[in-house]
Amino acid sequence: QVQLVESGGGLVQAGGSLRLSCAASGSTFSSYTMAWFRQAPGKEREFVARIRWSGLNPVYADSVKGRFTISRDGAENTISLQMVSLKPEDTAVYYCAAKTNFAPVYDYWGQGTQVTVSS
């Protein structure tokens, strides 16, 4: 059973930085794509970034390009999202998600971690 556990959220001032982590377990992930999504109050969940488990082919939403970096942390079964130059509009619950590389939808989701950026 795949499990994804996020950590690292919190409260930060605009312009600050946070690093989110997603600990993955329950499978060998070599054929998986990992992603971060977020959902702000009153809004639909939106894509933030994704990466192949190999660490290749990162893709970002235009709204975070140049400010967020998704990566796999070496030998650890962890996917990170480094966020810099945070803006109040980045405030949301951030979710880690996983799917096999050619699956049409993300099958596995974490419970989410709150990120709040104050102005």
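What comes next concerns the included structure.

Cut-offs and rules
The numbering scheme is per chain: residues are counted from 1 as the chain's sequence reads. At least 70 in pLDDT is required for a residue's local features to be given in this predicted model, at least 80 for side-chain atom pairs to be given and counted, and no such filter applies to totals for whole chains, interfaces and linings, which use all residues. Water and hydrogen atoms were dropped before computing side-chain values, which therefore reflect all heavy atoms in the structure. Exposure classes here rest on a 1.4 Å probe applied to the protein chains alone. A residue is buried below 20% of its type maximum, exposed above 50%, and partly exposed in between. Think of it this way: any DSSP run of H or I at least four residues long counts as a helix, any run of E at least two long counts as a strand, and we number them from the N terminus. For two strands to be treated as a pair, DSSP must find no fewer than two bridges joining them. For helices, the axis comes from a line fit to the C-alpha atoms of the stretch in contact; other axes are also lines fit to C-alpha atoms, and the angle between any two N-to-C directions lies between 0 and 180 degrees. Contacts are assigned to residue pairs that have any heavy atoms within 4.5 Å of one another.

What follows concerns the pairing of strand E4 (residues 32-39). The element E4 is largely enclosed, with a buried count of 7 among its 8 residues. Note: E4 against strand E9 (residues 92-100), 8 bridges, orientation antiparallel. Across the sheet, the residue bridging to tryptophan 36 is cysteine 96, located in E9. The turn linking E4 back onto strand E5 (residues 46-52) is made up of 6 residues, and glycine 42 within it adopts a positive phi angle of 75°.

Moving on, we come to the pairing of strand E11 (residues 113-118). Burial of E11 is one-sided: the residues Thr113, Val115 and Val117 facing one way are buried, the residues Gln114, Thr116 and Ser118 facing the other way are not. Taken together, the 4 bridges between strand E2 (residues 10-13) and E11 define a ladder with parallel strand orientation. Bridged to glycine 10 within E11 is valine 115. Judged from the 3 bridges that link them, E9 and E11 form a sheet pairing that is antiparallel. For tyrosine 94, the partnering residue across the bridge sits in E11 and is threonine 113.

With antiparallel pairing, the 4 strands of this open sheet are ordered in space as E1-E3-E8-E7. Every interior strand has two partners, whereas the edge strands, strand E1 (3-7) and strand E7 (68-72), have only one. Averaged over all adjacent pairs, the angle separating strand axes in this sheet is 15°, with direction ignored. Two elements, strand E3 (residues 18-25) and strand E8 (residues 78-83), share 6 bridges in a ladder whose sense is antiparallel. Paired with arginine 19 across the bridge in E8 is glutamine 82.

Further remarks concern unusual backbone geometry. Despite not being glycine, asparagine 57 has its phi angle at roughly 60°, a positive value. Turning to its location among the elements, asparagine 57 is positioned in the loop between E5 and strand E6 (59-60). Assessed through its relative accessible area of 52%, asparagine 57 is described here as exposed.

Right, let's get into the environment of arginine 72. One can find arginine 72 in strand E7. By relative accessible area, arginine 72 is classed as partly exposed at 31%. A sequence separation of 14 residues divides arginine 72 from leucine 86, and the C-alpha atoms of the two residues are 21 Å apart. Discounting chain neighbours no more than four positions away, the residues touching arginine 72 are Ile51, Trp53, Thr78 and Ile79.

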